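Overview (structure and organization)
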Amino acid sequence: MLTHHSVILSWYYLAGGFVGQFPSRSESTFKLGVPRGGHEHREPPHPLQHPRRVFTEIGWLCVFPFRFAGKLHRTCILDTITNRKWCATTPNVDKDRRWGYCEEIQPLTHDYCESQPCWHGAACINIPTDHSYQCICTDQFTGRDCEKEKCFEREHLKYYNIGETWTRFLHGEVEKCFCGEGGIHSKSVQSEACRTNPCLYGGMCHQVKATGESVCACSKDYTGKYCEIDPAAVCYENDGSSYRGTVKRTASGSDCLSWTSNFISPEFNISDMEEPLRLGLGDHSFCRNSDNDEEPWCYTLIDDNISWEFCEVPQCQKQDPCFSHPCQNGGTCIRDPLLNSYHCRCSDQFTGINCQQVKCFDSAQHKYFLIGEQWIQMVEDQVENCVCSDSGPECHCVQHEDCKVNQCLQGGKCRAIQDTGEVVCRCSDGFVGKYCDIDTKATCYEDNGMSYKGTKDESSSGIECMPWNEDFLRDRLNISSLEEALQLGLGNHSYCRNPDSDEKPWCYIMLDHHVSWEHCNVAKCGTVNVTEHSNTLQEASIPIVSQALCSSNFLYGSEVTPNMVCAGDLIKGVDACQGDSGGPLVCYKDDTAYLYGIISWGDGCAKVNKPGVYTRVTEYVEWIYKNTKRRPKYGRKC
């Protein structure tokens, strides 16, 4: 909180023909007081008036309670220098410095409040000079005995006294309202659009033609004269600077003072602030955070001392942005705790904010393309220019010629587009890639793996490999030409390679936000006989393939029914195989594995665009429970 500075002041004040020495006072800067910190709280006395009406010696009416030295006083105060009692003639003597010595208070010979004439919890004040009493009403009542109810305007969340008038926007019309004893009386008035709009949070401004008064038509979520109040706000976010709710009690249960109260000046004066409405301040006592404090607060009275306190508004719980599983098609949701947001890490075949868009797969290049990306392909002797659209690849023939130099490897045929000179290859069987530099049949490596051109793209610790053509890897690779890169098996892919005669294939990875490298999860040829099964139980992490994609003509078509679920990476060669049938496909939630699928069938093992097909267990839960004659017990009592 801000540091508190105290200073003792003394002066002479000329009022009504006499000179009075003003009592010493303590002055504090914004904002006054400190949070309560858990000390004992006594209920403050009724925050209204002195038990009887009192005048100064020259006939001015004393105002009770009044503020002096940061505290509320409800009786005349003894000045120790003059040994005389004095009172304020204004609610805030710290601000206005108007006061006078009190007349001698005669003993009360009759208590006019004894019969409790005031209604609805009002305070009763004796007036001996008039042989009567006065009732000080609470906000919602008025009348001599506080027997009359004021008019509550829901559009402003405010009570209006009987006889008061105001304007409002209700049911599509601007109305002039009058508070009578029977309630609110209103009539429509002509209006026009305002030249400037003071209404907040999307409110529309109308101007009464006869008077020029502005009236706000608030959006459904806000209310108040200027749409500055959000009645539905039940908690605050961050530090609560944006809180516009209606809580007006402190954490210890004290009532908040109005932001326009005379008692909280000079520390705080709403008229001295720039754009108070945009800070949520106004003629109300709702909790706000106008000074970037820790949370919403308000001014209050603690044993008649003017102070401030944090409010009983709870902080909104930050919802886990991944709770609703926003990432589709097997995408992984990555939390961003600083922004309380997320991003999706999509599998190779999907893209979009939530991995909702299917990429275009070109089997010749063994590569997925984003929507809008272009590439060229050779179909028999024709060369086509293709673009990826929402509905799939759209291709048209282009003029071409034989390549002057054949850059295609492994016996591939080379063509060049006449306009651009771009090269396209038609590869021999078993090879793919732009330059036929990828061997889809390679499942292991020979010797030290320099000749390995397979499709493994995961390090031995399970981290995804980085593409070899990343700009920040070029200096590390020290490769001077395309020909050299192709001979080493490098290109626009992230498959494991051994370009530097290491002991086995490896790749670059991102580890703790730094570029590193690691050997790959590729088996050496001959270490495992593939017409035999592994003696060790195996497991693999694979994405779920959406039902729409798996049952499309792109994959299995109508062979896949709603009782089945597909899973597997469409190009990385990770799949169940013979001997695995009946095994589990599990999904993890909160470190618990749930059986989701049972290994069933597929077109071969680990083929491109041929994922594994599993029994969808959720479709058979009732059948399982029925046949095992056991059901889970929910809500079981001890």
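Conventions used here
- Residues numbered from 1 in each chain as written.
- Predicted model: local features only at pLDDT ≥ 70, side-chain atom pairs only at ≥ 80, totals over all residues.
- Heavy atoms only, no water.
- Phe/Tyr/Trp six-rings, centres within 6.5 Å; stacked < 30°, edge-to-face > 60°.
- Helix = DSSP H or I, 4+ residues; strand = E, 2+ residues; numbered from the N terminus.
- Buried < 20%, exposed > 50% of the residue type's maximum accessible area, 1.4 Å probe, protein only.
- Lys NZ or Arg CZ within 6 Å of the ring centre and 35° of its normal.
- Pairing = 2+ DSSP bridges.
- Axes fitted to C-alpha atoms, helices over the stretch in contact; angles between N-to-C directions.

Things to note about the packing of aromatic side chains
- A full pass over the atoms with the stated rule returns 20 aromatic pairs.
- With 4.3 Å between their ring centres and 5 degrees between their planes, Y201 and Y222 make a pair best called stacked. A residue pair is termed long-range when its members are at least 10 positions apart, and Y201 in the loop between β17 (191-193) and β18 (204-208) and Y222 in the loop between β19 (214-217) and β20 (297-302) qualify at 21 residues.
- Judged by relative accessible area, which is 22%, Y222 ranks as partly exposed.
- With a centroid separation of 5.1 Å and an interplanar angle of 85 degrees, the aromatic rings of W506 and Y508 are classed as edge-to-face. Each member of the pair, W506 as well as Y508, is classed as buried.
- Members of the aromatic cluster, connected to one another through ring pairs, are F64, F66, F68, W86, W99 and Y101.
- It is R84 that lies over the ring of Y101; its NZ or CZ is 4.0 Å from the centre.

With respect to the sheet that holds strand β31 (residues 400-402)
- Pairing is antiparallel in the open sheet, where three strands are placed in the order β31-β32-β33. The two strands at the open ends of the sheet, each matched to only one other strand, are β31 and β33 (423-426). When strand polarity is set aside, the average angle formed by the axes of neighbouring strands in this sheet is 35 degrees.
- By the bridge criterion, four bridges tie strand β32 (residues 413-417) to β33 in an arrangement that is antiparallel. Looking at β33, one finds that C414 is bridged to C425.

Remarks on the pairing of strand β29 (residues 382-389)
- Burial runs high along β29: six of the eight residues are buried.
- Taken together, the six bridges between strand β28 (residues 374-379) and β29 define a ladder with antiparallel strand orientation. Along β29, the bridge assignment pairs M378 with V383.
- Joining the antiparallel neighbours β28 and β29 is a turn of two residues, in which E380 adopts a positive phi near 55 degrees.
- Taken together, the six bridges between β29 and strand β30 (residues 392-397) define a ladder with antiparallel strand orientation. Bridge pairing in β30 links E384 to C397.
- Counting the residues that bridge the hairpin from β29 to β30 gives two residues.

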